[in-house]
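Residue-level listing of the chains:
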Amino acid sequence: MALKLTYHGETTVPVEIEGLTPDWACDKSVAEIERFETFHGNRKIPLAEMFRVTGDASDKRLEFEGNLSGVHWIGAHMASGQIHIQGSAGRHVGSEMTGGEIRVHGDCRGWTGAEMHGGFIHVHGNAGHLLGAAYRGSVRGMTGGTILVDGNAGNEIGLTMRRGLIAVGGNAGDVVGFNMIAGTILVFGDSGIRHGAGMRRGTIGLLGPNRPPLLPTFKFDATDRPPIMSLLLREVRTKGLMFDESLLTADFDFYRGDLVSVGRGEIIFRHDESTATVIQRQHVPESVQA
Amino acid sequence: MSLFKIAGGIVYDPRNGVDGAVRDIWIEDGRIVAAPADLSVRPGRTLDATGLVVMPGGVDMHCHIAGPKVNVARKMMPEARRNAEKVVRTPLTRSGTMGSVPSTFATGYKYAGMGYTTAFDAAIPPLVARHAHEEFFDTPIIDKGFFILVGNNHYVLKQLQESEPERLRNYLGWLVNATKALALKVVNPGGVEIWKCGGNSINGIDANVDHFGVSPRQILTSVAQAAMDLKLPHRVHVHCNNLGIPGNWQTTLETMRALEGRRAHLTHIQFHSYGGNADDQTTFKSEVPALAEYFNAHPNLTTDVGQVMFGETTSMTGDGPLGYFLHKVYGRKWFSADTELEAGCGIVPITYKDKSRVHALQWAIGLEWYLLVEDPWRVAMSTDHPNGGSFLAYPEIIALLMDRTRREEVLKRLPPAVRENCVLPDLTREYTLNEIAIITRAGPARMLGLDRKGHLGVGADADVTIYTPSADYQKMFELPRCVIHHGEIVVDQGEIRLNSTGKLLHATPTYDEACLPDIQHWFEQWYSVQFANYPVSDDELHEHEVQTGGNGLPQTG
């Protein structure tokens, strides 16, 4: 039986529940959980002032209900267990989490999965800006785990990402993978401008029907259909994100950059016949593959 | 105010020749007083210090805790504070943030909590003195002051170019008064100006400063002379040219030689004692023995170390080219500022790693300086906070100095090349508590010319730190049993008991006011502020006290 947290707060002031994780709650009584210290603006209040608490968390499963778009830091720092959010959630969902699973059956606001180190987040609606991003000033952002978004995401997703996977079913905003160190970001819809600016390594797949503009510091590399693309896409599909199935057998155009930085990253588009140079890579015959 | 007696403590007061003797300390009106001759006089309050170690409050003579550079470093590195220890608000104290550059309030509380009651910011461009004073007002408990940067100031360079030593002296005298500073500091004299004009790092102290045709040597000797002629409490504070560059020890030696016959303080000397070739890191080595030999033989010089400690910190300097150099070496974010006619500034986050041969040698070179300077009165404890590490590392450094097996343990985990390129493994010297009291309070107070700091003689400020003796020296110095500032208990077993603003300590040298029209003309020609708005007036200050001590020839031994 899960712990059910029904939000009944009516306030425009941010409510912050940082630290209310399955790991913390699993051995607490309802009364203890009701006393959990949360912030309402700059005021400390017990959780019960904003939430009705029922059930128990011994199975490390939390279920949030209500319009939580003004409730922030849900599942931040969690290490294990499950959180289900029925409805929309605020900022910093699953921030710095190291394990476990968060499913949002609605929209999320900015900083979802920011500096995530492990675990799984699936947003069934839209996510805001800075999905899986590094906080301001950090030398590295997301270092592990998976973030899936069925809908759209905003700007600067995967900022300074180091490892892990971010996949967005819908559209994304500007500068996907800004300052990326490594890791993988896939966007299946359209996206804005200046993607991969400053990226050192890593992979950004911008696989929507309309190719976004590319910075001049990316260089065309090859048109190819490497097996890894098919493997990666199947993996994403297995984890629960739907996309245009024709991608599984599509050709892709690879670009290398950002050449103002280390330049070992890649941006991948669906192959476009009108691409100026087409270099067909020589595939290793299957017979010699290990 | 009634008498306050600290009874029966084991007192270390090197300036008054007390080395671990059981004494009573009497306090009245915030000052140390003589024991009442009339034995029937009872103190209003008594603190039983039996079995505890009693020292004067600590004095940090070189740190960076105020002004725009510190503020930029705070803003530039939110990541350093986000996951750091939090300084939580209490009914008595304000909240703050830590990281390598703590907020103003946290800085005051942490210094006091560690038993330090006085600290000096070592690099304030005169133009921003007002900002530094505002931040001092928000830096609680400790007494403080600052040195102003003059080594790349255009007016200074112009006077040297025109051979006007008197005008230079009067200008510097006016400037100390106008900014409410304690001392004059030169940072990479001439080198910052050369770099600001698009040049590279300078090769030595006889380089030519563009447009002015003067050399670092001229700047050094002239400012050193002016500081002496103005009878400033503290001699000229010198950050030599070529900081951090392998092979820079020769520049440092040249600087020492150039200063012969004049009093000078060479700051964070660890960063200036490197042998080797600038183009080949594998040649990096310690040149402390050669420098220390010269230093020991020349009592006109004093120094503080600028010890490097392993971990995350921030390089913060008035040496603009150094900031650029570090940014190039480490590829991390970098801030540079140009304070119009006066100074430069560079800020770069830096991580000192014990696996790095260069960093490990820097650590060893710092310790060599403490151990190779024969007269502890001439070497002061510093990490050049936050450049080599935080001031909060002082207890750890004390433990390293007092216990050579502890040094040996650290050496064991450092790259083997360290042993071959320095003499630290051969140094068996261990500091005594009395010597620690010298390098952390009595010595720096004397070097700064603070007559009422760093000792417990009659008339001294009643700044007293009481420690619980322990074989674990780091623990002992990290958590004093009790800290007394101006006769009041401010910290009790790590907890702040009394919040205060602390005093500003500054100097007011006399100068010839006939110099003013020329300075005013200079301001009207070139400055972005009006001459009349430039000086910091008395009513802008919180509680302050003029320092007049330290005059005359060097007091050594």
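Residues numbered from 1 in each chain as written. Chains lettered and ligands numbered in written order. Predicted model: local features only at pLDDT ≥ 70, side-chain atom pairs only at ≥ 80, totals over all residues. Heavy atoms only, no water.

### Brief notes about the interface of chain A and chain B
Rules: By the convention used here, residues are in contact when the closest approach between their heavy atoms is within 4.5 Å. Simply put, the buried area is the total loss of 1.4 Å probe accessible area from both parts when two parts are fitted together. One side-chain nitrogen of Lys or Arg within 4 Å of one carboxyl oxygen of Asp or Glu is enough to make a salt bridge. Polar contacts, as used here, are pairs of N or O atoms within 3.5 Å; protein pairs need one atom able to donate a hydrogen and one able to accept it. Residues neighboring in sequence count only if both atoms are side-chain atoms. Put simply, Ala, Val, Leu, Ile, Met, Phe, Trp, Tyr, Cys and Pro go in the nonpolar bin, Asp, Glu, Lys and Arg in the charged bin, and everything else, Gly too, in the polar bin.
On the chain B side, the residues contacting the six residues of chain A number five residues. Each partner contributes to the roughly 420 Å² buried at the junction of chain A and chain B, and carbon and sulfur atoms together form 41% of this total. Across the chain A-chain B interface, the total number found is two salt bridges. A salt bridge links Glu 115 of chain A to Arg 82 of chain B, with the nearest nitrogen and oxygen atoms 2.9 Å apart. There are four residue pairs in polar contact (both at pLDDT 80 or more) connecting chain A and chain B. Residues of the side of chain A that touches chain B, tallied by class, amount to one nonpolar, two polar and three charged.

### Comments concerning the sheet that holds strand S4 (residues 43–46) of chain A
Residue and element names in this part refer to chain A. Applicable threshold: Strands were regarded as paired on the criterion that DSSP finds at least two bridges between them. Think of it this way: any DSSP run of H or I at least four residues long counts as a helix, any run of E at least two long counts as a strand, and we number them from the N terminus.
The mixed open sheet is built from four strands, whose spatial order is S4-S3-S2-S7. The sheet is open, and its two edges are formed by S4 and strand S7 (71–72), each paired on a single side. Note: strand S2 (residues 15–16) against strand S3 (residues 37–40), two bridges, orientation antiparallel. Its bridge partner being in S3, Glu 16 is matched across the sheet by Phe 39.

### Quick look at the packing of helix H6 (residues 165–179) of chain B against helix H8 (residues 216–229) of chain B
Residue and element names in this part refer to chain B. The criterion, for reference: Inter-axis angles, ranging from 0 to 180 degrees, are taken between N-to-C directions of lines fitted to C-alpha atoms, where helices are fitted over the stretch in contact. Throughout, a crossing is termed right-handed when the near helix is turned clockwise from the far one, and left-handed when it is turned anticlockwise from it by less than a right angle.
Closest axis-to-axis distance for the H6/H8 pair is 9 Å, and the angle between their directions is 65 degrees. Crossing angle aside, the handedness with which H6 passes H8 is right-handed. Along its contact with H6, which presents Leu 168, Arg 169 and Leu 172, the element H8 presents Ser 222, Val 223, Ala 226 and Asp 229. Looking at the contact of H6 with H8 residue by residue, the classes come out as four nonpolar, one polar and two charged.

### Concerning the confidence of the model for chain A
Rules: You can read pLDDT as the predictor saying how much it trusts each residue, on a scale of 0 to 100.
Looking at chain A, pLDDT values average 93 and 94% of them are 70 or higher. With pLDDT under 50 throughout, residues 278–285 of chain A is counted as low confidence; its partners more than four residues away or in other chains account for 16 contacts.

### Here we look at helix H12 (residues 357–372) of chain B
Put simply, the rule reads: How far a helix is expected to stretch is found by multiplying one less than its residue total by 1.5 Å. With a 1.4 Å probe rolled over the protein chains alone, any residue whose accessible area is under 20% of its type maximum counts as buried; one over 50% counts as exposed, and the rest are partly exposed.
Helix length check: H12 of chain B (16 residues) gives 22 Å between terminal C-alpha atoms against 22 Å at 1.5 Å per residue, within 8%. The element H12 of chain B is largely enclosed, with a buried count of 14 among its 16 residues.

### Here we look at the environment of Gly 208 of chain A
Residues and elements named next belong to chain A. With respect to the helices and strands, Gly 208 occurs in the loop between strand S14 (203–206) and strand S15 (219–224). You can call Gly 208 buried: its relative accessible area is 7%. For Gly 208 and Ile 45, which are 163 residues apart along the polypeptide, the C-alpha to C-alpha distance reads 45 Å. The residues touching Gly 208, leaving out its near neighbours within four places in the chain, are Val 187, Phe 188, Gly 189, Asp 190 and Arg 270.

### Concerning the nonpolar core
As a reminder, the rule being used: In this description, a nonpolar core means a group of buried Ala, Val, Leu, Ile, Met, Phe, Trp, Tyr and Cys residues linked to one another through side-chain atoms lying within 4.5 Å.
Counting residues in each nonpolar core, the largest one holds 126 residues, and the members touching the most others are Leu 172, Trp 174, Trp 363, Trp 369, Tyr 370 and Leu 401 of chain B. Discounting residues that sit within four places of it in the chain, Trp 174 of chain B has contacts with Tyr 511, Leu 516, Ile 519, Phe 523, Phe 531, Tyr 534 and Pro 535 of chain B. Of all hydrophobic cores here, the second largest spans 58 residues; its members include Tyr 7, Ile 121, Val 168 and Met 180 of chain A.

### A look at the pattern of salt bridges
Residues and elements named next belong to chain B. Evaluation of the coordinates by the stated rule reveals 42 salt bridges over all chains. Note that Lys 5 and Asp 24 form a salt bridge whose closest N and O atoms lie 3.7 Å from each other. Placement of the pair is Lys 5 in strand S1 (residues 4–13) and Asp 24 in strand S2 (residues 18–28), with a sequence separation of 19 residues. Residue class for Lys 5 comes out buried when judged on its relative accessible area of 18%. Overall, Asp 24 belongs to the partly exposed group, its relative accessible area being 38%. The salt bridge partner of Glu 540 is Arg 130, with a shortest N-O separation of 2.6 Å.

### Observations regarding the confidence of the model for chain B
Residue and element names in this part refer to chain B. Mean pLDDT over chain B stands at 94; residues scoring 70 or higher make up 98%. Predicted confidence for residues 551–557 stays below pLDDT 50, and this span has 16 contacts to residues more than four positions away or in other chains. Across the interfaces of the predicted complex, the ipTM metric reaches 0.73, alongside a pTM of 0.88.

### Considering the sheet that holds strand S19 (residues 343–352) of chain B
Residue and element names in this part refer to chain B. Taken in spatial order, the three strands line up as S17-S19-S18 in an open sheet, and their pairing is antiparallel. Of all the strands in the sheet, the pair left with one neighbour each is strand S17 (311–317) and strand S18 (335–339). Sheet twist, expressed as the average angle between the axes of neighbouring strands with direction ignored, equals 15 degrees. Two elements, S17 and S19, share seven bridges in a ladder whose sense is antiparallel.

### Things to note about the environment of His 122 of chain A
Residues and elements named next belong to chain A. Here His 122 shows up in strand S10 (residues 120–123). Counting along the chain gives 36 residues from His 122 to Gly 158, while the straight-line C-alpha distance between them is 15 Å. Contacts of His 122, omitting those with residues within four sequence positions, involve Ile 102, Arg 103, Val 104, Leu 148, Asp 150, Lys 239, Gly 240 and Leu 241.

### Brief notes about helix H4 (residues 129–137) of chain B
All names here are of chain B. Basically, it comes down to this: This arc is built from the directions going out from the helix axis to the C-beta atoms.
Of all the residues in H4, the buried ones are Ala 129, Ala 132, His 133, Glu 135 and Phe 136. Across the axial projection of H4, the buried residues extend over an arc of 160 degrees, all falling on one side. Against helix H1 (68–76), helix H3 (104–113), strand S9 (116–124), strand S10 (143–149), H6 and strand S25 (504–506) lie the buried residues of H4.

### Focus: the packing of aromatic side chains
All names here are of chain B. To keep things clear, this is the line we draw: Only centres within 6.5 Å qualify two rings of Phe, Tyr or Trp (six-membered ring in Trp) as a pair; their planes then separate them into stacked at under 30 degrees, edge-to-face at over 60, and tilted for everything else. The rule is short: NZ of Lys or CZ of Arg within 6 Å of the ring centre and within 35 degrees of the ring normal puts a charge over the ring.
A full pass over the atoms with the stated rule returns 30 aromatic pairs over all chains. A centroid spacing of 4.4 Å and a plane angle of 40 degrees characterise the contact between Tyr 155 and Tyr 171, whose relative ring orientation is tilted. Residue Tyr 155 is found in helix H5 (residues 154–161), and its partner Tyr 171 is found in helix H6; the two are separated by 16 residues along the sequence. Between Trp 195 and Tyr 324 the ring centres are 5.8 Å apart and the planes differ by 40 degrees, which places this aromatic pair in the tilted class. Remark: Tyr 324 occurs in helix H11 (residues 320–330) and Trp 195 occurs in helix H7 (residues 191–196); sequence separation between them is 129 residues. Taken together, the ring pairs in this structure connect Tyr 155, Tyr 171, Trp 174, Trp 522, Phe 523, Trp 526, Tyr 527, Phe 531 and Tyr 534 into an aromatic cluster. The ring of Phe 4 carries Arg 45 above its face, with NZ or CZ at 4.2 Å from the centroid. The cationic tip of Arg 446 hangs over the ring face of Trp 377; the distance from NZ or CZ to the ring centre is 4.2 Å.

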